[in-house]
Amino acid sequence: MTATIIDGKAFAATVRARVATHVAALKSDHDLTPGLAVVLVGEDPASQVYVRNKGKQTAEAGMASFEHKLDVATSQKDILSLVDQLNADPEVHGILVQLPLPDHVDSAEVINRISPAKDVDGFHISNVGLLGTGQKSMVPCTPLGCLMMLRDHHGSLSGLNAVVVGRSNIVGKPMAQLLLGESCTVTIAHSRTKDLADVCRGADILVAAVGRPEMVPGDWVKPGATVIDVGVNRIPHPEKPGKTKLVGDVDFASASAVAGAITPVPGGVGPMTIACLLANTVTACCRANGLPEPEGLTA
Ligand code: NDP
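Described below are features of the structure shown in this document. Here the structure is a predicted model, which means the values were calculated and not measured.

The rules behind these values
- Residues numbered from 1 in each chain as written.
- Predicted model: local features only at pLDDT ≥ 70, side-chain atom pairs only at ≥ 80, totals over all residues.
- Heavy atoms only, no water.
- Axes fitted to C-alpha atoms, helices over the stretch in contact; angles between N-to-C directions.
- Helix = DSSP H or I, 4+ residues; strand = E, 2+ residues; numbered from the N terminus.
- Parallel < 35°, antiparallel > 145°, perpendicular 65-115°, else oblique.
- Contact = heavy atoms within 4.5 Å.
- Pairing = 2+ DSSP bridges.
- Buried < 20%, exposed > 50% of the residue type's maximum accessible area, 1.4 Å probe, protein only.
- Right-handed = clockwise from strand over helix to strand, strands pointing away.
- Near = heavy atom within 4 Å.
- Polar contact = N/O pair within 3.5 Å; in protein donor to acceptor, adjacent residues only side chain to side chain.
- Areas by Shrake-Rupley, 256 points an atom, 1.4 Å probe, with all protein chains shown as cover.
- Nonpolar A, V, L, I, M, F, W, Y, C, P; charged D, E, K, R; others polar.
- Salt bridge = Lys/Arg side-chain N within 4 Å of Asp/Glu carboxyl O.

## Considerations on the packing of helix α1 (residues 8-30) against helix α6 (residues 141-154)
Piece 1. Between α1 and α6, whose axes approach to 11 Å, the crossing angle comes to 100 degrees. Between α1 and α6, the angle is such that the two are roughly perpendicular. Counting all contacts with α1, which are made through Gly8, Phe11 and Val15, the residues of α6 involved are Met148, Met149 and Asp152.

This is how it looks when you write it as structure tokens:
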């Protein structure tokens, strides 16, 4: 079997187009412009790239983008007071504090200071609790992107066996909650799981969110399964000395020979993450103004 490639790049473009359509309607019908504020503390190069891309895509979707770049030595108190200011700003519908924060900052306190209604990353403890109890919440962007791709590919996910490898708060756990919400039978695997290969072989939907290059080989994949590879790992390029290459947590060559469908790395889950951040900002704007949930952008 040769798997269907789930093209996250193309699907993310579709989601961004939906976002842009909603944004245009909010402007014309309600004189509203969804606004996203991004806070970056310090000069971590990877974070700077993410923040630049977020700002660019926010503007391209017709939304307002507010960037706050703070010195690495900014105190906890000053970061919290910026969050308070953004919470109170009616032009800001979504707030994202780029992680990781410098070591002297208590990240949990900062994240939990964001108004839950503006917490477009879905990391605030209230949103975690709402998602865990099946209530309307802001959903973390990466798992939301995975869910959108799965729904698009499968339609109903009800009754399918889903295995999520990884139990992090930002990917594994919320992914498992979302799949449970779709009535999948969900197993969460992690570094202490016994017989991981056997657990994976039972999956109709296999989500790998581990951070270990090409850890999941094709013979862990059930024939015909759908494989969502969240991993982003940079390894030495096998053919180009001195260069690197991005790979996922799944061995694409062997897995794509067995799976029914698979996301590639790059070009799978990655592009969906920022698209879902824009989607969450539109959702937050609609909710803040008592408008209906934007179609096709929520969990
Ligand atoms: P974390 O490091 O927070 O979590 C990794 C999880 O994998 C842990 O639960 C860990 O288990 C588990 N794990 C580690 N080793 C093994 C193993 N040998 N067997 C089984 N499970 C194992 O990572 P994240 O969840 O933040 O990210 C996971 C991957 O997804 C990374 O590659 C990251 O770069 C990528 N990512 C991609 C995004 C995107 O936009 N595409 C966004 C976010 C992340 P335990 O808890 O027992 O230690």
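## Things to note about the sheet that holds strand β5 (residues 161-165)
Piece 1. Spatially, the six strands line up as an open sheet ordered β1-β11-β8-β7-β5-β6, and their pairing is parallel. At either margin of the open sheet sits one strand with a lone partner, and together these are β1 (4-5) and β6 (185-189).
Piece 2. With four bridges connecting them, β5 and strand β7 (residues 205-208) associate as parallel partners. Directly across from Val163, in β7, lies its bridge partner Leu206.
Piece 3. Sitting on the sheet, α6 touches β1, β7, β8 (226-229) and β11 (261-262), and the angle it makes with β8 is about 160 degrees.

## Considering the pairing of strand β2 (residues 35-41)
Where a strand is regular, its side chains alternate between the two sheet faces.
Piece 1. Burial of β2 is extensive: seven of the seven residues sit out of reach of the surface.
Piece 2. Covered by surrounding structure in β2 are Gly35, Ala37, Val39 and Val41 together with Leu36, Val38 and Leu40, the residues of both alternating faces.
Piece 3. Handedness of the crossover joining β2 and strand β3 (residues 64-70) through helix α2 (residues 45-60): right-handed.

## Comments concerning the site of the ligand
Piece 1. Near the ligand, the surroundings consist of 22 residues, among which Arg167, Ser168, Ser191, Arg212 and Thr273 are the closest.
Piece 2. At 2.5 Å from an oxygen atom of the ligand is found a side-chain nitrogen or oxygen belonging to Ser191.
Piece 3. At 3.5 Å from an oxygen atom of the ligand is found a main-chain nitrogen or oxygen belonging to Val230.
Piece 4. In isolation the ligand exposes 930 Å². Once the protein is present, 69% of that is buried.
Piece 5. The element contributing the most residues to the shell around the ligand is helix α10 (residues 269-288), with three residues.
Piece 6. For the shell around the ligand, the class distribution of residues is 10 nonpolar, 10 polar and two charged.

## Observations concerning the pattern of salt bridges
Piece 1. Under the definition given, this model contains eight salt bridges.
Piece 2. Here Lys56 and Glu60 are joined by a salt bridge, their closest N and O atoms 3.5 Å apart. Taken together, the residues Lys56 and Glu60, both in helix α2 and four residues apart, mark about one turn of the helix. Judged on exposure class, the residue Lys56 and its partner Glu60 are both exposed.
Piece 3. One network of salt bridges, in which partners are shared, links Lys136, Arg287 and Glu293.

## Details of the side chain of Gln76
Piece 1. Checked against the element boundaries, Gln76 lands in helix α3 (residues 76-88).
Piece 2. A polar contact is formed between the side chain of Gln76 and the side chain of Glu109, at a distance of 2.6 Å.
Piece 3. Those residues in contact with Gln76 that sit more than four places away from it in its chain are His104, Val105, Asp106, Glu109 and Val110.

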